[in-house]
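Chain by chain, the residues:
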Amino acid sequence: FSLFLQVTCNCFTISNGEMQDVGVGLYPSMSLLNHSCDPNCVIVFEGYQLLLRSVQEIQIGEELTISYIESLMPTIERQKQLMRQYCFECDCLLCQNQEKDAEKLAGEEHAWKEVKDAVNEVRYPKSKEEWEQVLARFQNLLSSNTDHLPDTNIYQLKMLDCAMDACINLESWEEALSYGIRTLGPYSLYYPGFHPLRAVQLMRVGKLQYSQDMFPQALETLKQAYNIMKVTHGTDHSLMQALMEIKEQCEAIMRIQ
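Residues numbered from 1 in each chain as written. Predicted model: local features only at pLDDT ≥ 70, side-chain atom pairs only at ≥ 80, totals over all residues. Heavy atoms only, no water.

Caption draft 1: Spotlight on the overall build of the chain. Scanning the chain for helices and strands turns up eleven helices and six strands. Rg of the C-alpha trace for the chain: 19 Å, near the compact-globule value of 18 Å for 257 residues, within the 12% margin. With the C-alpha coordinates aligned to their principal axes, the bounding extent of the chain is approximately 55 × 45 × 35 Å. Per-residue burial over the chain gives 43% buried out of 257 residues. Residue pairs at least 24 apart in sequence account for 60% of intrachain contacts in the chain once pairs closer than 6 positions are excluded. Surface exposure of the chain reaches about 14100 Å², of which carbon and sulfur atoms provide 52%. (Helix = DSSP H or I, 4+ residues; strand = E, 2+ residues; numbered from the N terminus. Rg over C-alpha atoms; globule rule 2.2 N^0.38 Å. Buried < 20%, exposed > 50% of the residue type's maximum accessible area, 1.4 Å probe, protein only. Contact = heavy atoms within 4.5 Å. Areas by Shrake-Rupley, 256 points an atom, 1.4 Å probe, with all protein chains shown as cover.)

Caption draft 2: Representation of the pattern of salt bridges in the model. Within this structure, the stated rule accounts for six salt bridges. Taking the shortest distance from any N to any O, the salt bridge between E77 and K80 comes out at 4.0 Å. With E77 and K80 both in helix α2 (residues 75-86), this residue pair falls three residues apart, about one helical turn. Residue class for K80 comes out partly exposed when judged on its relative accessible area of 46%. The shortest N-O distance in the salt bridge between E121 and R137 comes to 2.7 Å. (Salt bridge = Lys/Arg side-chain N within 4 Å of Asp/Glu carboxyl O.)

Caption draft 3: Quick look at the environment of A166. In this fold, A166 is placed in helix α7 (residues 154-169). When its relative accessible area of 0% is taken as the criterion, A166 is described as buried. Separated by 134 residues in the primary sequence, A166 and L32 have C-alpha atoms spaced 38 Å apart. Residues within four places of A166 in sequence aside, it is in contact with W131 and L135.

Caption draft 4: Representation of the pairing of strand β5 (residues 49-54) in the model. The sheet contact formed by strand β4 (residues 41-46) and β5 spans six bridges and is antiparallel. In the strand pairing of β5, F45 is matched with L50. Here β4 folds back onto β5, and the loop between the two strands holds two residues, one of which, G47, carries a positive phi near 65°. (Pairing = 2+ DSSP bridges.)

Caption draft 5: Representation of the packing of aromatic side chains. Under the definition given, this model contains eight aromatic pairs. Ring centres 5.3 Å apart and planes at 85° place the aromatic pair Y124 and W131 in the edge-to-face group. Residue Y124 is classed as exposed on the basis of its relative accessible area, which comes to 58%. Pairwise contacts between aromatic rings join Y68, Y86 and F88 into one cluster. (Phe/Tyr/Trp six-rings, centres within 6.5 Å; stacked < 30°, edge-to-face > 60°.)

Caption draft 6: Main features of helix α10 (residues 215-232). The first and last C-alpha atoms of α10 sit 25 Å apart over 18 residues, in line with the 26 Å expected at 1.5 Å per residue. Residues of α10 that are buried include every one of F215, A218, L219, T221, L222, A225, I228, M229 and T232, and no others. Residues of α10 that are buried sit in contact with β4, β5, α9 (196-211) and α11 (238-256). Positive phi appears at G234, one or two residues downstream of α10, with a value of about 90°. (Expected span 1.5 Å × (residues − 1).)

Caption draft 7: Spotlight on α7. Taking 1.5 Å per residue as the helical rise, α7 with its 16 residues ought to reach 22 Å, and the 23 Å between its terminal C-alpha atoms agrees with that figure. Of all 16 residues making up α7, twelve are buried, and the element is well covered by its neighbours. Regarding α7, the residues found buried are I154, Y155, Q156, L157, M159, L160, D161, C162, A163, M164, A166 and C167. Here the buried face of α7 lies against α4 (101-104), α5 (109-121), α6 (128-144), α8 (173-190) and α9. The residue sitting at the N-terminus of α7 and contributing the capping side-chain oxygen is N153; that oxygen lies 2.9 Å from the backbone nitrogen of Y155. Positive backbone phi, at 60°, marks E171, one or two positions downstream of α7. (Polar contact = N/O pair within 3.5 Å; in protein donor to acceptor, adjacent residues only side chain to side chain.)

Caption draft 8: Spotlight on the packing of α5 against α6. It is at 11 Å that the axes of α5 and α6 come closest, and there the two elements cross at 165°. One element, α5, and the other, α6, form an angle in the roughly antiparallel class. Here α5 runs over α6; the crossing is left-handed. Contacts between α5 and α6 involve E114, A118, V119 and E121 from the first element and R137, F138 and L141 from the second. Split by residue class, the contact of α5 with α6 holds four nonpolar, no polar and three charged. (Axes fitted to C-alpha atoms, helices over the stretch in contact; angles between N-to-C directions. Parallel < 35°, antiparallel > 145°, perpendicular 65-115°, else oblique. Left-handed = near helix turned anticlockwise from the far one by under 90°. Nonpolar A, V, L, I, M, F, W, Y, C, P; charged D, E, K, R; others polar.)

Caption draft 9: Looking closely at the side chain of Q209. Note that Q209 resides in helix α9. Ignoring anything within four residues of it in the chain, the contact list for Q209 reads L177, I181, M214, Q217, A218 and T221.

In structure tokens:
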């Protein structure tokens, strides 16, 4: 039991190129890093290799920090998870100021609670029929909550992400792009500066624009992803290589046109 608790407190969630969870691993030296909800470093993976990347200017002697949890959550939810899993209370500036909490829970409470429940009930679908069921439910909620929830509400944002995933799996590219475009403003608000999740989202939207021959728009979106990802992932990362390849293809097509 003691070993289990040590693993629970010190393991890292391994993610793939699109920042989706694929497993957990122990990296003892990285377990020495302390938490901040506004960290100066991020962790990305290249396969099972953990990479620590700085995303802010760090002074000599300044402590390196990472976020142990998903920073999109409101302050009270972040505090609950940190206490439950790591047994401490965060006192970083974001928590002290409860910054952006109002935007995160904007809109009518009954509406976002319904959306929250719907998103939490989704388990990764394995068939076309399951994806269709998920998309139909989210389409209905998005339609009924048009005047009740802004896209900055974090549960609305998560639903847009899920709807985008459903459309991609169902090869409904135009609809996937419409949902993806709506996420970019909130992503910019909640993941300012250099953040790998924002870079990946920009890349996904850029690829959808590219697939629909929207080459000027795609190039602009891919450039934004590139400027973030060169910091969060580095130029040698496989995802960065894939981004540069599609960006170069887009540039080549525009030169011909």
